[in-house]
Amino acid sequence: MKDNLAQRKAYSPSCERNRDPILALLKEVFADKKYVLEIGSGTGQHAVYFGERLAHLRWQPSNQAGGLDSVSAWVEDAGLPNVNPPVALDLFEDDWSETLGLDAALSSPRVDALVAINVIHIAPWEATEHLFRHAEALLDAGGVVFLYGPYRYADRALEPSNENFDAWLRRRDPASGIRDFEAVNAIAESHGFERVEDRAMPANNRSIWWRKLA
Ligand SMILES: C[S@@+](CC[C@H](N)C(=O)[O-])C[C@H]1O[C@@H](n2cnc3c(N)ncnc32)[C@H](O)[C@@H]1O
């Protein structure tokens, strides 16, 4: 049984590189949070690493329908009481409440944070609008959206490493690419969020988080 889990667990070296700097920040940003929904959980490594070290949180991983097996295997193998089995969520879907088992006003605890690590430059641009649309529907005032990844800023040139990464992304899939911070922030604001902070992370990545206004 365990052998089978080992085979199903995909492994991402970048998760190992970025997990500790992200964890250090999540300890701060999610200190008063209870229920985190992770979008685009990838292999599932982050869910179990963060879930184990942020034991005050319930962690709900998710991924597109075709990408659940590795996440399930990591979650099952870790057997953590606060990390749920992953659910299938696509940013382009209209409504997540049925999948999440949320009867809007009644569910307790409510999801009070959304986290998406290295997702918005992979998904088509419209996915960012959908992400904040879902966040607006799911979160109460004070709820947080936390995004990690590379960004382009209007007042400075993209770092050479990110220029190369962006070209590689667009060659592979023209709908993907490093997003403009100002455009992402405008979407966040249009859905009732204000930016809390934008922190530099290793390897020219950023952690940016927004809070839902009352
Ligand atoms: C580069 S991987 C990052 C995975 C993981 N968060 C990490 O940092 O290792 C991009 C993730 O975005 C997810 N993704 C892409 N398009 C999506 C969409 N439309 N809805 C939900 N997730 C999406 C992929 O399934 C994948 O899990």
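Refer to the structure printed above.
Predicted model only: the values in this text are computed from it and were never measured.

Student: Explain the packing of aromatic side chains here, please?
Tutor: The geometry of an aromatic ring pair comes down to the distance between the two centres and the angle between the two planes. If you walk through the whole model with that rule in mind, you get 9 aromatic pairs. Here the aromatic rings of Phe30 and Phe146 are separated by 6.1 Å at their centres, their planes lie at 65°, and the arrangement is edge-to-face. On the criterion of sequence distance, the pair formed by Phe30 in the loop between helix H2 (13-29) and strand S1 (35-39) and Phe146 in strand S6 (residues 144-149) is long-range, its members being 116 residues apart. One exposure class covers both Phe30 and Phe146, and it is buried. Geometrically, the ring pair formed by Phe50 and Trp59 is tilted, given 5.7 Å between the ring centres and 55° between the ring planes.

Student: Just checking my understanding: could you explain the pairing of S6 for this structure?
Tutor: Among the 6 residues in S6, 6 count as buried, and that is most of the element. Of the two faces of S6, the one carrying Val144, Phe146 and Tyr148 and the one carrying Val145, Leu147 and Gly149 are both buried. Regarding topology, helix H6 (residues 126-138) serves as the crossover connection from strand S5 (residues 113-117) to the parallel S6, and that connection is right-handed. Where S6 meets strand S10 (residues 205-212), 6 bridges bridge the pair, whose relative direction is antiparallel.

Student: Sorry, what's going on with the sheet that holds strand S2 (residues 58-60) here?
Tutor: Pairing between the strands of a sheet is mediated by backbone hydrogen bonds and can be parallel or antiparallel. Spatial strand order, S2-S1-S5-S6-S10-S9: 6 strands in an open sheet with mixed pairing. The two strands at the open ends of the sheet, each matched to only one other strand, are S2 and strand S9 (193-201). Sheet twist, expressed as the mean angle between neighbouring strand axes with direction ignored, is 20°. Sheet strands in contact with H2 are S2, S5, S6, S9 and S10, and its direction is about 160° off that of S6.

Student: Where do I start with a negative patch on the surface in this structure?
Tutor: There is a patch of like negative charges on the surface, built from Glu93, Asp94, Asp95 and Glu98. Locating Asp94 in the fold gives a position in the loop between strand S4 (87-88) and helix H5 (97-100).

Student: Would you mind going over H6 with me for this structure?
Tutor: Since the α-helix turns once every 3.6 residues, residues separated by three or four places project in the same direction. Along its 13 residues, H6 runs 19 Å from first to last C-alpha, staying within 8% of the 18 Å computed at 1.5 Å per residue. Within H6 the residues assigned to the buried category are Ala127, Thr128, His130, Leu131, Phe132, His134, Ala135 and Leu138.

Student: Hey, could you run me through the pattern of salt bridges in this one?
Tutor: It is possible for side chains of opposite charge to pair when their charged atoms get near one another. As enumerated under the stated definition, the model contains 14 salt bridges in all. Put simply, Arg19 and Glu16 hold a salt bridge, and the shortest N to O gap is 3.7 Å. One end of the pair is Arg19 and the other is Glu16, both in helix H2 and 3 residues apart, which spans about a single turn. The exposure class of Arg19 is partly exposed, given its relative accessible area of 22%. A salt bridge links Arg152 to Asp166, with the shortest nitrogen-to-oxygen separation between them at 2.9 Å. You can see Arg152 sitting in strand S7 (residues 151-152) and its partner Asp166 sitting in helix H7 (residues 160-172), a full 14 residues away along the chain.

Student: Just to check I follow, could you spell out the site of the ligand for this structure?
Tutor: In the region of the ligand, 16 residues are neighbours, and Gly40, Asn63, Gln64, Leu91 and Ile117 sit closest. In this structure, Gly42 approaches the ligand through a main-chain N or O atom, which is 3.1 Å from an oxygen atom. With respect to the ligand, the side chain of Asp90 contributes an N or O atom lying 3.0 Å from a nitrogen atom. With the chains in place, 83% of the 590 Å² that the ligand exposes on its own is no longer accessible. According to the grid-proximity analysis, the pocket containing the ligand is the largest pocket. When grouped by side-chain class, the residues that make up the shell around the ligand number 8 nonpolar, 7 polar and 1 charged.

Student: What's the story with the layout of surface pockets in this structure? I'm lost.
Tutor: Unoccupied space between atoms shows up once a probe the size of one water molecule is rolled over them. Taken as a whole, the largest pocket holds about 820 Å³ of empty space. What lines the largest pocket is a set of 34 residues, and nearest its centre among them are Ser14, Ile117, Asn118, His121 and Ile122. Of all elements in the fold, only H2, S1 and H7 reach the threshold of two or more residues within the lining of the largest pocket. A per-element tally of the lining of the largest pocket places H2 first, with 5 residues. Classifying every residue of the lining of the largest pocket gives 17 nonpolar, 14 polar and 3 charged.

Rules used throughout
- Residues numbered from 1 in each chain as written.
- Predicted model: local features only at pLDDT ≥ 70, side-chain atom pairs only at ≥ 80, totals over all residues.
- Heavy atoms only, no water.
- Phe/Tyr/Trp six-rings, centres within 6.5 Å; stacked < 30°, edge-to-face > 60°.
- Helix = DSSP H or I, 4+ residues; strand = E, 2+ residues; numbered from the N terminus.
- Buried < 20%, exposed > 50% of the residue type's maximum accessible area, 1.4 Å probe, protein only.
- Right-handed = clockwise from strand over helix to strand, strands pointing away.
- Pairing = 2+ DSSP bridges.
- Axes fitted to C-alpha atoms, helices over the stretch in contact; angles between N-to-C directions.
- Contact = heavy atoms within 4.5 Å.
- Patch = residues over 30% accessible without salt bridge, like charges linked within 9 Å, V, L, I, M, F, W, Y side chains within 5 Å.
- Areas by Shrake-Rupley, 256 points an atom, 1.4 Å probe, with all protein chains shown as cover.
- Salt bridge = Lys/Arg side-chain N within 4 Å of Asp/Glu carboxyl O.
- Lys, Arg positive; Asp, Glu negative; His and termini not counted.
- Charge placed at Lys NZ, Arg CZ, Asp CG, Glu CD.
- Expected span 1.5 Å × (residues − 1).
- Near = heavy atom within 4 Å.
- Polar contact = N/O pair within 3.5 Å; in protein donor to acceptor, adjacent residues only side chain to side chain.
- 1 Å grid on protein atoms, 1.4 Å probe; cavity = no way out; pocket = protein on both sides within 12 Å on 5 of 7 lines; lining within 4 Å.
- Sits in = over half its atoms within 2 Å of the grid points.
- Nonpolar A, V, L, I, M, F, W, Y, C, P; charged D, E, K, R; others polar.
- Points joined across faces, edges and corners; volume = space filled by probe spheres on them.

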